[in-house]
Each structure stands twice: as structure tokens, then as C-alpha cells.
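Geometric and topological summary
Take a look at the letters that make up each chain.
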Amino acid sequence: MKRILLASAAIAFAATGAYAADVKMGVLLGFTGPLESLAPAMAQGAELAIKEVSDSGKLLGGDTVTPVRGDSTCVDAAAATAAGETLVTSDKVSGIMGAMCSGATTAVLQNVAMPNGMVMISPSATSPALSTLPDDGLFFRTAPSDARQGEVMADEILEKGIKSVALTYTNNDYGKGLADSFEKAYKAKGGTVTISAAHEDGKGDYSAEVASLASAGGDALVIAGYIDQGGSGILRGALDTGAFEKFVFPDGMVSQTLEDNFGSEVNGSFGQMPASEGEGHDKFLALATAAGFDGTSVYSGEAYDAAALMLLAMEAANSTDPKVYKDKIMDIANGDGEKIYPGELAKGLELIKEGKPINYEGATAVHLIGNGEASGTFREIEFKDGKMETVQYR
Amino acid sequence: MDLINALVAITNYVIIPATAYGAQLALGALGVTLIYSILRFSNFAHGDTMAFGTGIVILITWGFQAMGISLGPLPTALLALPFGIIVTAALMLGTDKVVYQYYRKVRAAPVVMVMVSVGVMFVMNALTRFLIGVDQINFDDGARFVINARQWREMTGLSEPLTLRSTQVITVVTAIITVAALFWFLGKTRTGKSMRAYSDNEDLALLSGIDPNRVVAVTWIITGALATIAGTLYGLDKSFKAFTYFQLLLPIFASAIVGGIGNPVGAIAGGFVISFSEVGLTYAWKKVVTYLIPNWQPDGLVQLLSTDYKYAVSFTILILVLIFKPTGLFKGKIV
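Residues numbered from 1 in each chain as written. Chains lettered and ligands numbered in written order. Predicted model: local features only at pLDDT ≥ 70, side-chain atom pairs only at ≥ 80, totals over all residues.

- In the annotation of an unreviewed UniProt entry, the entry for chain B reads Branched-chain amino acid ABC transporter permease, and the organism field reads Thioclava pacifica DSM 10166.
- Entered under Subcellular location (unreviewed entry) in the UniProt record, the comment concerning chain B runs "Cell membrane".
- Per UniProt, chain B carries the Sequence similarities (unreviewed entry) text "Belongs to the binding-protein-dependent transport system permease family. LivHM subfamily." (UniProt positions renumbered as here; feature names shortened; annotations may be inferred.)

- Chain A carries the name Branched-chain amino acid ABC transporter substrate-binding protein in an unreviewed UniProt entry, which gives Thioclava pacifica DSM 10166 as its organism.
- The Sequence similarities (unreviewed entry) field of the UniProt record for chain A holds the comment "Belongs to the leucine-binding protein family."

1. Remarks on the overall build of chain A
- Helix and strand counts for chain A come out as 15 helices and 16 strands.
- By the compact-globule yardstick of 21 Å for 394 residues, chain A fits well, its C-alpha radius of gyration being 23 Å.
- Dimensions along the principal axes, computed over C-alpha positions, put chain A at roughly 95 × 40 × 35 Å.
- Looking at the 394 residues of chain A, the share that counts as buried comes to 56%.
- In chain A, once contacts between residues fewer than 6 apart in sequence are set aside, the share between residues at least 24 apart is 69%. (Helix = DSSP H or I, 4+ residues; strand = E, 2+ residues; numbered from the N terminus. Rg over C-alpha atoms; globule rule 2.2 N^0.38 Å. Buried ≥ 20, exposed ≤ 12 C-beta atoms within 10 Å, placed from the backbone. Contact = placed C-beta atoms within 7 Å.)

2. Overview of the domain arrangement of chain A
Residues and elements named next belong to chain A.
- Domain annotation for chain A reports domain 1 (23-145 + 277-374) and domain 2 (147-275 + 379-393).
- With 9 residues of domain 1 at the contact, the number on the domain 2 side is 9 residues.
- Among the elements of the structure, helix H5 (129-132) and strand S5 (139-144) are those that each provide at least two residues to the side of domain 1 that touches domain 2.
- Considering only residue class, the side of domain 1 that touches domain 2 consists of 4 nonpolar, 4 polar and 1 charged. (Domains from an automatic or database assignment. Nonpolar A, V, L, I, M, F, W, Y, C, P; charged D, E, K, R; others polar.)

3. Some details on the sheet that holds strand S9 (residues 247-249) of chain A
Residues and elements named next belong to chain A.
- Across the sheet, 7 strands lie side by side as S7-S6-S8-S9-S10-S15-S16; this open sheet has mixed pairing. Because the sheet does not close on itself, it has two edges, and the strands there are strand S7 (192-199) and strand S16 (387-393). The average undirected angle you get between the axes of adjacent strands in this sheet is 20°.
- Sheet topology places strand S15 (residues 378-384) next to S16; 6 bridges connect them, and they run antiparallel. Looking at S16, one finds that Glu 380 is bridged to Gln 392.
- Across the sheet, helix H7 (residues 173-188) lies against strand S6 (164-170), S7 and strand S8 (220-224), angled at about 165° from S6, the strand it touches most. (Pairing = 2+ DSSP bridges. Axes fitted to C-alpha atoms, helices over the stretch in contact; angles between N-to-C directions.)

4. Observations regarding helix H4 (residues 110-132) of chain B
All names here are of chain B.
- Counted at 1.5 Å a residue, the expected span for H4 with its 23 residues is 33 Å, and the 32 Å between its end C-alpha atoms agrees.
- If you check which residues of H4 are buried, you get Met 113, Val 116, Ser 117, Val 120, Met 121, Met 124, Asn 125, Thr 128 and Ile 132.
- In this structure, the buried residues of H4 make contact with helix H2 (46-67), helix H3 (77-105) and helix H10 (244-259).
- With its phi angle positive at about 90°, Gly 133 sits one or two positions after the end of H4. (Expected span 1.5 Å × (residues − 1).)

5. Section: the interface of chain B and chain A
- The interface is formed by 30 residues belonging to chain B together with 21 residues belonging to chain A.
- Residue assignment for the side of chain B that touches chain A shows that the elements contributing at least two residues are helix H1 (2-38), H10, helix H11 (264-282) and helix H12 (286-292) of chain B.
- Across the side of chain B that touches chain A, the residue classes tally to 13 nonpolar, 9 polar and 8 charged.

6. As for the UniProt feature "transmembrane region" (unreviewed entry) in chain B
Residue and element names in this part refer to chain B.
- Under the UniProt annotation, the feature "transmembrane region" (unreviewed entry) is placed at residues 20-39, 51-71, 77-99, 111-132, 168-186, 215-236 and 311-330.
- With 100% helix and 0% strand, the stretch residues 77-99 has end C-alpha atoms that lie 30 Å from each other.
- Helix makes up 100% of residues 168-186 and strand 0%. Its end C-alpha atoms lie 27 Å apart.

7. Overview of the packing of H1 of chain B against helix H9 (residues 212-237) of chain B
All names here are of chain B.
- Remark: H1 packs on H9, axes separated minimally by 9 Å, with the N-to-C direction vectors making an angle of 165°. One way to sum up the angle between H1 and H9 is to call them roughly antiparallel. Our pair here, H1 against H9, has a crossing hand that is left-handed. Contacts from Ala 20, Gln 24, Leu 27, Gly 28, Leu 30, Gly 31, Leu 34, Ile 35 and Ile 38 in H1 reach Val 215, Thr 219, Ile 222, Thr 223, Leu 226, Ala 227, Ile 229, Ala 230, Leu 233, Tyr 234 and Asp 237 in H9. (Parallel < 35°, antiparallel > 145°, perpendicular 65-115°, else oblique. Left-handed = near helix turned anticlockwise from the far one by under 90°.)

8. Considering the nonpolar core
- Among the nonpolar cores identified, the biggest contains 136 residues, and Leu 213 and Leu 221 of chain A are the most heavily contacted of them.
- Broken down by element, the residue count for this core peaks at 18 residues, all from H1 of chain B.
- Not counting the four nearest positions on each side in its chain, Leu 213 of chain A is found in contact with Ala 166, Thr 168, Ile 195, Ala 197, Leu 221, Ala 238 and Ala 243 of chain A. (Core = buried A, V, L, I, M, F, W, Y, C linked by C-beta atoms within 7 Å.)

9. Thoughts on the environment of Ala 306 of chain A
Residues and elements named next belong to chain A.
- Examined against the element boundaries, Ala 306 turns out to sit in helix H12 (residues 300-317).
- Measuring from C-alpha to C-alpha, the distance between Ala 306 and Gly 45 comes to 9.4 Å, with 261 residues separating the pair along the chain.
- Excluding anything up to four places from it in sequence, Ala 306 contacts Ala 46, Met 97, Ile 121, Ser 122, Pro 123 and Thr 142.

10. Some thoughts on H7 of chain A
Residues and elements named next belong to chain A.
- End to end, H7 covers 22 Å across 16 residues, agreeing with the expected 22 Å (1.5 Å per residue, within 8%).
- What H7 keeps buried is the set Tyr 174, Gly 175, Gly 177, Leu 178, Ala 179, Ser 181, Phe 182, Glu 183, Ala 185 and Tyr 186.
- If you follow the buried residues of H7, they end up packed against H5, helix H6 (146-159), S6, S7 and S8.
- Following H7 by one or two positions, Gly 190 has its phi on the positive side, about 105°.

11. Points about the pairing of S5 of chain A
All names here are of chain A.
- Most of S5 is tucked away, with 6 of its 6 residues classed as buried.
- When S5 meets strand S14 (residues 373-374), the two strands line up parallel, connected through 2 bridges. Each bridged residue has a counterpart across the sheet, and for Pro 144 the counterpart in S14 is Ala 374.

12. Thoughts on the environment of Ser 181 of chain A
All names here are of chain A.
- For Ser 181, the location among the structural elements is in helix H7.
- Taking the C-alpha atoms as reference points, Ser 181 and Ser 196, separated by 15 residues in sequence, lie 12 Å from one another.
- Sequence-distant contacts of Ser 181, that is, excluding residues within four places in its chain, are made with Pro 128, Asp 146, Ala 147 and Gly 150.

13. Here's the deal with unusual backbone geometry
- Following Gly 98 of chain A, the chain continues to Ala 99 of chain A via a peptide bond in cis, the omega torsion being -5°.
- Here Ala 99 of chain A is to be found in the loop between strand S3 (96-98) and helix H4 (102-116).
- The backbone of Asp 385 of chain A shows a phi angle near 50°, a positive value even though the residue is not glycine.
- Among the secondary structure elements, Asp 385 of chain A is positioned in the loop between S15 and S16.
- With a phi close to 50°, Arg 107 of chain B is a non-glycine residue in the positive phi region.
- On the secondary structure map, Arg 107 of chain B appears in the loop between H3 and H4.
- A tally of 7 C-beta atoms within 10 Å means that Arg 107 of chain B is categorised as exposed.

14. Digging into the pairing of S8 of chain A
Residues and elements named next belong to chain A.
- Among the 5 residues that make up S8, 5 are buried, leaving the element largely enclosed by the rest of the structure.
- Every second residue of S8 is oriented toward a common face, with Ala 220, Val 222 and Ala 224 on one face and Leu 221 and Ile 223 on the other, all of them buried.
- Note that S6 and S8 share 5 bridges and pair parallel. Residue pairing in the sheet places Thr 168 in a bridge with Ile 223 of S8.
- Relative to S9, S8 runs parallel, the two sharing 2 bridges. Bridge assignment links Leu 221 to a residue of S9, and that residue is Phe 247.
- On the question of chirality, the crossover connecting S8 to the parallel S9 by way of helix H9 (residues 230-240) is right-handed. (Right-handed = clockwise from strand over helix to strand, strands pointing away.)

Here it is, written out as C-alpha cells:
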């Protein structure tokens, strides 16, 4: 009798050992570098989803999940590659939530994820170049490509009846990518771009740039720049010389600073930024507040969704092997079944186990298009009486 | 009507900005040229001296604003300017005492002095950032415009806007006053004459009893004043950022060399040559051409150079002058 007891205990122990493993997930973000202020809230967003799944005890029959942080920096491809390599070979993670900036993401994808067959879901890499990069079906992102913003902006401008615009962009990957995608979309829909001119950030004087833009003319000026950088100088110059009266602001320009410094001078101007609203967003904010961090911080919700998608896909594939569960990610994100919001990951896991389809909505109304990137929701704003007002979401 | 519109467009986008920018460059180039002719080296720290001076002026301006002192329609910074000059001049004298004096004593070669000034530049740049930070600062209060675009359109009914910012007027007026005062000082006063004598022939000047320490000290004080004025005007007209003054170094040196380094009149002429070339060559003439030649819509922008190449313009002029006319437009001197 004693022997039987011991044996069954041993079997039970071995069984739990075999089934309830500890799944490791990499959280690879730019904890140091030019966007270091955004990284903590993003990591906390991802870790919130990981904890939720882990605590529910429903993943693959009771697996726990442990996040492992890695520093991808933002501009240093070598450092990002090394951090990704460490996560895969030494920490043996089953998936990577990251990386953060487009450059670092490309480096990790090509040097680490593809050779090792590792799934990566980036919450914040927005370069259009990542849409067409070969990725063996391993790369996804919960942030929209800047190409999407270009299209949304083109629609917005044309709906206001503006048929010709001048365009200036900050001379880097973000500015160039956004400007190109906008120009393409706007022209395809019948608009005219009179000039597409780059401006350098960090200069004191933008009068020459403004002069060329003014000479090219147009009914509005699109400034694909940064409000804390050259975008501000261009806007100031254009207002001072009376070159333009209407402006279009993409996400790099839409901020409190814009309203504080220019407010009443840009009445009637408009713009957009990636943002989400609705049930999922509200639920995520409540969860974030309860967990003690700011859920409104940029890309924090996207990070939650990236981690949740990966874990739900593992359940759907009944495997933590990236090569197996990578095929399930699109099904989870775009499925026909019940909608799953933040805080309901346990329910999602249960439904998957029962063999029912789910549609993961998450914090940012996740809907993956094309090669596995978010279609994105944009908040359209307009300046009225010196105040920035939300017009609609699109 | 079209002719007037074309003239207005040129004035608004080329003449007014280039004049203000030229005045700022001219003041900067005067400082460089003074150091070159009297202390005999190219002072690479001049850009960051401008940044430091402007930083101090901004700090004092904030102090005045906090106390509720203002100049009405004029920017408070003008009131703070003299105090900024005093602090900057003190820093110049301190730097000379600690750094340059030694190299003068050992009669270091000019190229060594240039390298020393590069070192001073880095220290001064760090000091400025430490004092006031790296962010963009707008410290222009008071009235922004003499004429703004809307008033102009209502006044004239022309389709082309014309704006004249108060900072542009202040820049030009201050520059004229400063230059007049400087030329009076160099030409009429005893100290000014001794400076010129020292510049022309150091040994002869020393033999005739001119106190070299006094000449050096006065030169640094004047340089500090010029740098602070030029930097503050630039900051008022555009915006202040600790890094942008370093970028100004190239056009400033180009101005000084084009005009003939060591020659104050040349520095002023050079400033305007550089500013008008930079703005004129990168301006898209499409609009003006459309007004002037009816029935012709150019496809391109009629732009000689993209604005990205703005700095390349001063660099190219600098190289051309050094190759073909190293003494500059007005005969300068090459040590």
C-alpha cells in the first residue's frame, strides 16, 4: 500500500513536471537609448498579459510563464542582436515580444529570429520596410505600419476637399517612410503633392526650407516631423511668413506642446495619431492602473496585445514551439469567434481548449492585415479655438 | 500687379530673411576676424561663445520676467544683453588667463592655438549645456510682428503675403549700432588705435610702448560682446538651442574669409555674401518665375539646389575663395 502511494505520488509529480512547464518569454525593448522613457510602460504592459496567463493556470494545462527582459536599445543594431541572441540561446525563450525601434527590430529578426526559428511580435516598430521584409512567417506587429498612416492622412485631406499640398519631412527613416507612403496614397487618390522636401532636425533656422515650400505652393502644408525638433521650426517659419494657413500634422507633431505653443495660430489645421478607443482600451487602462502603471503611455497596450497573442497562439497550437504556433497567430487575431478583451485571457484559453474559435481584440482592437501587421486605429484631431479636439476615430 | 507680387515674394522669402541672417553672420564674423588679426589664430570656440553668451542672456531675461520688468513691445532680452556681455567678457578674460596666456608666452604656432581653441570650444559647449540644457528655448517676448501677413493682405490686396518680424528689424538696427560703435572705437580712440597698431606689427607696437596685456584683454572683451550680441540676435530671431551655434561656425568662418580675414569691413560684406548665396541659391523660384513670365507654368521648382545643401553653399564659396582669391574680397591678411 505504501509503495503504491509512493509510486502514484511519484507519477503525479512526474506528470506535473512533464505538463506544467515554465514557459519563458523574451521582453526585448529599448530600455536604454532615445526612446528609453517609453520602454518601462511597454514592458509592464507585456508583463501584465504574461502574469494574467500565468496566474490563470490554464495555458497548456497549467504552464507558468516568466518574462525575461532584454535591452534592444534603439539605434544600436549590434547591441540588439546580442540581446536577442542571449534571450534565445541562453534564456531559451519560446517567443520574443519586441523589439522596439524599426532598426533594432530588423536586426534581431534577420540575425536571431530567422536563423533560430523564433517568433517575434513587435509592439512599436512602424517602418513600412518591415512589411515587405522576408520573415519566414515569424514576424508580426501590433503597431500599424506608417504606410497605413499615410493612407489615412491622404483620405482625411481629400475629404476636406484639399486637392494639393506641400510636404516636408524630417530626414530619417520615420519621416521618409511616412512621406513616401503618404505621397503615393495621395497621388493615387487624385491629389497633387507640389513639393516633397526633407528638413534636418536640430537646426536653428528654417527660413530657406519654408521659402521653397511656399514657392511650390499648395492649399495645405503636411509636416511629417517632430514637434520637439525641426517640425516646430518649419511650422513657426510658415506661420510667420504667411506661407501657409492650413497644416496637417501626423503623429510626430500631435502633442500637448503643439497646442501650448501654437494653439490659436493653427485653427482649422488637423492631423492624426495612432490611438485606440473603446471597450478593450478602457479595460486595459483599468488593469494598468490597478497594476500601478500608466496604460495611456504610447505602445503600452500594443505590448500587452503582442504578449497575449503569442500565448493564446501557443494554446491554440498546443505547443510552445515557435515553429508550430507561429501559424496560429493570425487565426487568433482575426478569428470569427467570441471577442476577447484585456483581463479575459483565461476565458480565451478555455474557449481555445474547447476547440471554439476566438477573435482577440485586446487593448488596441487587434486586426492583423497583410504580412501580419496591425491595421491600426487613428485618432483624427482638429484645432478649434486654439484647442486640439478629437474629431473621430478611423 | 504680377510684377509687384513677384517683388513681394522675393522680399518676403529672400531679402528680409537673408538680411537678418547676414547681419547675424556679420557680427559673428567680426568677432572671428578681430581675434584673427590681433591674437593671430582662428578661434573655433567662437560659435560656442555665442551660445554661452545667449544662454546667460536668457537666464537674466527669465530673471527680469520673474521680477515683472519688461521693455513693452521690445524683447526683454535687449535689457538683459549688457549683463550677458559682462558675464561673457569675464569668461573670455578667465579663459585667456587660464588657457591662452600660456600659449602666447611660449609663442605657440597659430595651428597649436587653433587646436587649443577647439579644446576651449568643447569645454564651453559643455558649460552651456550644463547651464541651460539642450532643449529649444524661445525667449522672444514683446510684439512679434511689425507687419504680419494678414495686415499686409488687407492693406494692399495683393495675393502674396509680406511679413516683417520685429526681431528682424531689431537685428538689423542693433547690428548697425554695434558696427558703428566698433568702427568708431577702432578708428578714433587711443585703445582702438593701439589695437590696430598691435595687429599691424606686434614688435613695433611693443617697442612704442603699447601694453600687450591691455590690448589682449580689450580684444577679448570686445569679442565677448560681439559674440553675445550676435548669439542673442540669432536666438531671438530663430530660437535658442545649445547645439545650433556650433553649426553656425562654418558660415561665420566662410563670411570672415570671403570678406578677407582680419578685415572688419570684409567680415560684414562676407556675412551678407554668404547669407544671400545660401538663401538665394536654395530658394525655389517657381512662384516668382510664374509671376514674371505669363503663360508659362514650370514643371519643376526652378530651384538651383535643394535646401539640404544650404551649408554646402558656404563651404563651396569658402573653398573657391581660398583657391582663387585667398585674401578675400577686401584685402585681408594671411598669417
